[in-house]
Structure formats: structure tokens, C-alpha cells
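Okay, here's what each chain looks like letter by letter:
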Amino acid sequence: MGTKRVAVITGSGQGIGKGIAQRLAKDGFAVVLSDRDEKVLQATVQEFKSQNIEVASFIGDVSRQEDQTALVQAAVDHFGSINVFINNAGIEQVAPIANIKPAELEKLFQVNVFGVVYGIQAAAAQMQKQGTGGKIINACSIAGHQAFTMLAAYSATKFAVRAFTQAAAQEYAKDKITCNAYCPGIVGTGMWERIDAGMVEYMGLKKGEAFEKFAEGIALGRTQEPADVANFVSYLASPDSDYMTGQSVMIDGGIVYN
Ligand code: NAD
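A brief structural summary. (Residues numbered from 1 in each chain as written. Predicted model: local features only at pLDDT ≥ 70, side-chain atom pairs only at ≥ 80, totals over all residues. Heavy atoms only, no water.)

### Structural notes on the site of the ligand
As a reminder of what qualifies: One heavy atom within 4 Å of a molecule or strand makes the whole residue count as near it. Pairs of N or O atoms within 3.5 Å make up the polar contacts considered here, provided that, within protein, one atom can donate a hydrogen while the other can accept it, and that residues adjacent in sequence are counted only when both atoms are side-chain atoms. Here, Shrake-Rupley sampling with a 1.4 Å probe gives the accessible areas, and only protein chains in the shown set may cover a residue. Only DSSP runs of H or I covering at least 4 residues are called helices, and only runs of E covering at least 2 are called strands; the numbering of each starts at the N terminus. Residue classes follow a fixed rule: Ala, Val, Leu, Ile, Met, Phe, Trp, Tyr, Cys and Pro count as nonpolar, while Asp, Glu, Lys and Arg count as charged, and any other residue, Gly among them, counts as polar.
In the region of the ligand, 29 residues are neighbours, and Asp 35, Asn 88, Tyr 154, Thr 189 and Arg 194 sit closest. Within the side chain of Asp 35, an N or O atom sits 2.6 Å from an oxygen atom of the ligand. Tyr 154 is positioned such that a nitrogen or oxygen atom in its side chain is 2.6 Å from an oxygen atom of the ligand. Calculation on the ligand without its partners gives an accessible area of 830 Å², and the protein chains cover 97% of this total. For the shell around the ligand, the secondary structure elements donating two or more residues are α1 (15-26), α5 (152-172) and α6 (190-203). Ranked by the residues each element gives to the shell around the ligand, the list is headed by α6, at four residues. Considered class by class, the residues forming the shell around the ligand number 13 nonpolar, ten polar and six charged.

Laid out in C-alpha cells, this is it:
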């Protein structure tokens, strides 16, 4: 086993996952990046290597149980053990309920919910084997506390993430494995570009208007950066959060308060 703590982050080729990986590397973790998009993954790995970050990578699809198991194995093969596993990968869908297609609904749940379940299973099994405890951290959302129009299916997947976060916390507490989730608000990533495009299509808005409309409701007066999310995930990955488990916490600049 190496001396560095090891964090595995899914969907870390870009966006929030990349921001989290950068922050955890700064905190002293060796990081294992994983994404289904090989091109963005390799570009980010190169960027990290050029900054002398201790990094390994794995191309995988979180909705395939065997990929999640193989990701954990690859991390262990490379660094000897894992301490933190972050189920960050997720996809969105913009549609009124009347237009939700079965295949799209299935895909959304396969990635956002099944993927999180497979990630929890693979990470917890390894942490149990190590006997070291560990931290499992899931990407939830403000939409996991309050459903939004045009994002009904997406919101439902994030409600499910909150449920698995609570149940995993209870089931794995005996192994000193905690499970918590971060709930971002409006982060200007590729995901929000696509949500904006989808809302434009259905609501007759101009490009960028949906993003602006949502941003108007933020108490702190600005949309967020991946680093805003990563600051909180840094805490969840650190010993300072050892007594916290089963929580899905808003980090949204003030949008949703329940
Ligand atoms: P993004 O689309 O910018 O990046 C997501 C990354 O995940 C991409 O690199 C993509 O290739 C990868 N990915 C997608 N499906 C995958 C799969 N099946 N297997 C492996 N990798 C996969 O998204 P983001 O904005 O960075 O979002 C990250 C997480 O944060 C998601 O779970 C999202 O639901 C959540 N979130 C985002 C926002 C926001 O405003 N952007 C708000 C709340 C929650």
C-alpha cells in the first residue's frame, strides 16, 4: 500500500469531476480519473501529469457494473488501495413529462442511479476488504431536493441518489465507511450548456436565456464554478467529515433551502 490517500472520481474528464480531482490532488491525494469519453479523459490526464499530479486513469461507463468493478481494481493495481470514491458521472435530460421517451428515461436511470449503485458496491467491497474504512461521495443536486419543471426525470434520478446515500450510510457504518452527497446548483459546465439548449427548444427562449433565468434566483448573485463544489467535496473527503454520514448537502449559492 502506498502512503498517499487515493481518490477515484468518475466523470472526471471535464466539468465538476475534473474540478474535484484538481482540488483533491492539491489536498495531497493520488487521483484516479475515469470517464467514458476517452478524448477528454486523456487530455485531462496529460494536463494533470504536466502539473506533476500523481494520476492514473480508466476508461469506463458507470452504468456497466463490470466497469465499476474494473475501475476500483485498476485503482488498486496502480496505487495499492482506495480511500475515497466519488460517484460524480451523470447525465441530464430536458423534456416536459409528456415527451419523456422510454429509452431516454431508461438511459438516465442507468447512468445516474444504477451507476451510483454499482459504484457504491465496488468501492465498499474494496474498502471492506482493506479494513480501512473509507468515504463514498455521490453527486446529487438541488434537483435531488426539489424537482424542477422540464427536468422531471433528472430530478427523480437525483432523489434516488439521496435515498441510496442515506441507505449506504446505514449499511456501511459498521465498516467505518461514510456516504455523503454534494448538491450543486447552477454550474456553468457542458451539462448546463445542454440544459440551456433543451429549454430554449421547448420554451421558445434565446440561447443562454434559460441559464440566465435560473441564475437570477441565486442569493449570492452568481452562478457557480466547479471549484465552488470541489471546496465542499474536499471537506467530505477529509477526516474533518468523519462524524458525518448519510447527508446530501446543498452547495448552491442559495437557491434551495430544504
Ligand atoms: P458534464 O457533462 O460537464 O461532465 C460529466 C462527465 O461525465 C463527462 O466528462 C462525461 O463524459 C462523463 N460521463 C457521462 N456519462 C458517463 C458514464 N455513463 N460513464 C462514465 N462517464 C460518464 O457534467 P457536470 O456538470 O460536470 O456534472 C457532474 C455531476 O454533477 C453530474 O452527476 C451532475 O448531474 C451533477 N450536477 C451538475 C450540476 C450543474 O449545474 N452542472 C448541478 C447539479 C448536479
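### Regarding helix α4 (residues 102-130)
Rules: Helix span is expected to be 1.5 Å times the residue number reduced by one. A residue's bend is simply the angle between two axes: one fitted to the seven residues ending at it, one to the seven starting at it.
For α4, which comprises 29 residues, the first-to-last C-alpha distance of 40 Å matches the rise-based estimate of 42 Å (1.5 Å per residue) to within 8%. When the local axis directions of α4 are compared, the greatest deviation, roughly 35°, occurs at Gln 110. In the segment just after α4, Gly 131 is the residue with positive phi, at about 70°.

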